[in-house]
Amino acid sequence: MSADLALIGPVLAAMLTAATPLLFAALGELVVEKSGVLNLGVEGMMLVGAVCGFAVTAQTGSSSAGFAVAALAGAGTAALFGVLTLLLLANQVATGLALTLFGVGLSALIGQGFVGIPIPDVPELNIPGLTDLPVIGKALFGQDVVVYLGLAMVPAVHWFLYGTRRGLILRAVGENHAAAHALGYKVIRIRFLAVLFGGAMSGIAGAYLSLDYTPMWAEGITAGRGWIALALVVFATWKPGRVLLGAWLFGGVTIAQLHVQGLGIDIPSQLLSMLPYLATVVVLVLISRDIARIRLNAPASLGKVFHPDA
Amino acid sequence: MNRRTMGKTLAGLAAGAAIMALGVGAADAQEKLKVGFVYVGPVSDHGYSYQHDQGRLAVEKELGDKVTTTFVENVPEGADAERVIEQLATSGHKLIFTTSFGFMNPTLKVAQRHPDVKFEHATGYKRAANVATYSARFYEGRTVIGQIAGKMTKSNIIGYIGSFPIPEVISGINAFTLALREVNPKAEVRVVWVNSWYDPGKEAEAAKALIDQGADVLSLHTDSPAAIQVAQERGLYVFGQSSDMTRFGPKAHLTAIVDDWRSYYVSRVKAALDGSWKSQDTWGGFKDHMLFLAPYNPALPKEIVDAAEKTRTDIMEGKRHPFQGPVKDQSGKLVIAEGKQATDEQILKMDWYVEGVQGKVPK
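About the cut-offs
- Residues numbered from 1 in each chain as written.
- Chains lettered and ligands numbered in written order.
- Predicted model: local features only at pLDDT ≥ 70, side-chain atom pairs only at ≥ 80, totals over all residues.
- Helix = DSSP H or I, 4+ residues; strand = E, 2+ residues; numbered from the N terminus.
- Rg over C-alpha atoms; globule rule 2.2 N^0.38 Å.
- Buried ≥ 20, exposed ≤ 12 C-beta atoms within 10 Å, placed from the backbone.
- Pairing = 2+ DSSP bridges.
- Domains from an automatic or database assignment.
- Contact = placed C-beta atoms within 7 Å.
- Nonpolar A, V, L, I, M, F, W, Y, C, P; charged D, E, K, R; others polar.
- Core = buried A, V, L, I, M, F, W, Y, C linked by C-beta atoms within 7 Å.
- Axes fitted to C-alpha atoms, helices over the stretch in contact; angles between N-to-C directions.
- Parallel < 35°, antiparallel > 145°, perpendicular 65-115°, else oblique.
- Left-handed = near helix turned anticlockwise from the far one by under 90°.
- pLDDT = per-residue confidence, 0-100.
- Right-handed = clockwise from strand over helix to strand, strands pointing away.

Trainee: Just checking my understanding: could you explain the overall build of chain B for this structure?
Mentor: Counting its regular elements, chain B contains 11 helices and 14 strands. Radius of gyration (C-alpha) of chain B: 21 Å, near the 21 Å computed for a compact globule of 363 residues. For the C-alpha atoms alone, the extent of chain B along its principal axes is close to 60 × 45 × 40 Å. Here chain B holds 363 residues, and 52% of them are scored as buried.

Trainee: Help me out: how do you make sense of the pairing of strand β4 (residues 118–122) of chain B in this one?
Mentor: For a regular strand, side chains alternate in direction, first toward one face of the sheet and then toward the other. All names here are of chain B. Counted residue by residue, β4 has five buried out of five residues, so it is predominantly covered. Burial along β4 is two-sided: K118, E120 and A122 facing one way and F119 and H121 facing the other are all buried. The pairing of β4 with strand β5 (residues 131–136) spans four bridges and is parallel. Pairing of A122 across the sheet is with Y134, part of β5.

Trainee: Could you clarify how one ought to interpret the domain arrangement of chain B in this entry?
Mentor: Many structure descriptions define interface size as the accessible area lost when the parts assemble. All names here are of chain B. Domain annotation for chain B reports domain 1 (3–136) and domain 2 (138–258 + 291–348). Inter-centroid distance (C-alpha atoms) of domain 1 to domain 2 is 30 Å. Taken residue by residue, the interface counts 12 residues in domain 1 and 15 residues in domain 2. In terms of residues, the side of domain 1 that touches domain 2 owes the most to one element, helix α2 (residues 48–63), which gives three residues.

Trainee: Would you take a moment to explain the interface of chain B and chain A for this structure?
Mentor: Contacts between chain B and chain A engage 39 residues on the former and 39 residues on the latter. Secondary structure elements with two or more residues in the side of chain B that touches chain A: α1 (3–25), β7 (188–193), α7 (200–212) and α8 (226–234) of chain B. With 10 residues, the top contributor of residues to the side of chain B that touches chain A is α7(B). The class makeup of the residues in the side of chain B that touches chain A is 16 nonpolar, 12 polar and 11 charged.

Trainee: What is the right way to look at the nonpolar core in this model?
Mentor: One broad rule of soluble globular proteins: the nonpolar side chains tend to lie buried together. Within the largest apolar cluster, 196 residues are counted, with the highest numbers of intra-cluster contacts made by A26(A), L232(A), A207(B), L218(B) and A227(B). Ranked by residues supplied to this core, first place goes to helix α10 (residues 187–213) of chain A with 16 residues. Of the residues that make up this core, three or more belong to each of domain 1 (3–136) and domain 2 (138–258 + 291–348) of chain B. Non-local contacts of L232(A), meaning those with residues more than four positions away in its chain, are made with L22(A), A26(A), V243(A), G246(A), A247(A) and F250(A).

Trainee: Sorry if this is basic, but what is going on with the packing of helix α7 (residues 145–163) of chain A against helix α12 (residues 240–262) of chain A here?
Mentor: Residue and element names in this part refer to chain A. Where α7 contacts α12, the axes come no closer than 8 Å and their chain directions differ by 155°. The pairing of α7 with α12 is recorded here as roughly antiparallel in orientation. Like other packed secondary-structure pairs, α7 and α12 cross with a definite hand, here right-handed. Of α12, the residues touching α7 (which contributes V154, V157 and H158) are P240, G241 and L244. Partitioned by chemical class, the residues of the contact of α7 with α12 number four nonpolar, two polar and no charged.

Trainee: Honestly, the confidence of the model for chain B in this entry has me stumped. Any pointers?
Mentor: For residues with low pLDDT, the predicted coordinates do not support detailed interpretation. Residues and elements named next belong to chain B. For chain B, per-residue confidence averages 89 on the pLDDT scale, and residues scoring 70 or more make up 92% of the total. Within chain B, the lowest mean pLDDT, 44, falls on α1, and the highest, 97, falls on strand β3 (residues 95–98). Contacts from residues 1–29, a stretch scored under 50 in pLDDT, to residues over four places away or in other chains number 44 contacts. Reported confidences for the modelled complex are a pTM of 0.79 and an ipTM of 0.75.

Trainee: How should the sheet that holds strand β8 (residues 217–220) of chain B be read in this particular structure?
Mentor: In a beta sheet, neighbouring strands pair by backbone hydrogen bonds and run either parallel or antiparallel. Residues and elements named next belong to chain B. As summarised here, the arrangement of the six strands in space is β7-β6-β8-β9-β10-β12, forming an open sheet in which the pairing is mixed. Where the open sheet ends on each side, the last strands, each with one partner, are β7 and β12 (291–293). For this sheet the average axis-to-axis angle between neighbouring strands, irrespective of direction, equals 15°. Here four bridges tie strand β6 (residues 157–162) to β8, and the two strands are oriented parallel to one another. What sits directly across from I161, in β8, is L220.

Trainee: What exactly am I supposed to notice about the pairing of β8(B) here?
Mentor: Residues and elements named next belong to chain B. Here β8 shows a buried face lined by V217 and S219 and a second buried face lined by L218 and L220. Pairing of β8 with strand β9 (residues 237–242) involves two bridges; the strand directions are parallel. Bridge pairing in β9 links L218 to V238. The parallel pair β8 and β9 is bridged by α8, and the resulting crossover is right-handed.

Trainee: So what exactly am I meant to see when it comes to unusual backbone geometry here?
Mentor: Trans is the prevailing form of peptide bonds, just as negative phi is the prevailing case for residues other than glycine. Backbone torsion omega between G325(B) and P326(B) reads 0°, so that peptide bond is classified as cis. If you trace the backbone, P326(B) turns up in the loop between α10 (302–316) and β13 (327–328). At W238(A), a position not held by glycine, the phi torsion is positive, near 60°. Checked against the element boundaries, W238(A) lands in the loop between α11 (225–235) and α12.

As structure tokens, this is what we get:
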């Protein structure tokens, strides 16, 4: 049916935008985990980024300034996590959960004066000719700039981790911090930088929601997307390319189940909403069965506290 | 337990801690009646919870010398709610309003343990000697906006964003659809459930999905203004929910069904103060000032506004009922006979769609 075919473009476009915040947050967390740190505070950092980005854009009218400040705010929140877990050696899981609670409260506090304020739109790409292509034109060439930035981050992160010396060192720190330390690498400094990067990416992910996706500030605007991003990293078995696939899958299923309902197709929407999580569990089971594969991908020192003197 | 509910549980714990702090702070306010409010969303949602808080503020304004009020926002429906309500009851609150359907069983459980505390539960149907219920006849507003939608649509597809398939929402969809098809028999309603009261991202996605499928007028029964923004961006029309959401989409926002709890809350707190409070069920509509319509968009033609106003006053004066027979369900079966009207019981337990709604009610 032609009516159904015409839906492909909008569905693709919606899928790409739904995947973008997940992509930013998950790529950031991936780098953090590759360095051997587990930061469960993604949701909190996203919220702080979302509200700070929104506040700045509302004041200055510039969405680029908003995104820049969101990245800084996310990194600032992550720095708190870094100080607590890397310098004061606090438990990473507990600190990460606390960071999420802290972010929820802090963002609500900062956001009090910004509820219900309109902000300017983020410009969308418009390439004459390409954007007007039927079916896929709008989806591929008519998105916000941030969507493309997110896509560009995938090869960038991959290249950094697997194509550069610094990436190799970061992975070494994540695999065996004692050995890396013995070789003279500054484990804590490297991990701190990774945590800051993760925070900045989460901040941008949050700002994408408050500046672009639904341009408004509302308490709890992330609605659990930080937790999905954490699941995505595991789902992707710590590989950037698979994070992209996973983000599209999670985003695509969200959009698809809404369309299925609108068309009156008789599949329970809850079943579709459940699928990405089911897939995560299946992936976990599969990689856990094969010890070699886990060793290959999951950072061996993930979540372990590092004592420089030990 | 997935990570998301874990996050919510933790949020509930934080809410609990917040109350304990409040309980200590308010303890010196002797003699005053302590009134507690439990909200499902943030006060700043500019929708459902915001309107309940307007009611609380009205109580403070009118009876501030006799009462102190406490509110807890963002309380998840379910087990966490019980702890929050329990903490309010044990910290000396003698009248507690629990403002969402999902607080029904937690409210009753806590009420059983605290017979000296009075409870008011919104939109539920279970009562006890110390638990009263109250709700607004939201569906009366749906009749008016359904009629407007029928005259404004060009594609004859109306998108409807639902929260949860409970009778309150389904009766709204049905009242909307009946009025829609009365003025425009070719129009149909497509429903998308987002399974949340408050998730701006998902509400926006649902709005986009419905628009992509051809809807040119949207109605919603969720609490955030996200769909209003989407309609504004796409140059289409939308009705606000619970609260006047005009500023989120000045061109798109045609009107909104606004909940108004102010007079009810003030009267119930007064009753608790003078000892005349007793458990009862209140279900008020336009007539009882429990809901009203936000200002009509200037873009609406005068004859449509006039017709809408006539429908509203007819409902108010009892000349028109939103569920006036004959009403058929989707299979064509006659549910409300010619000349009959749906009983309150039928509306409160509605779990079927009328003709003109696409898809099935999720089970």
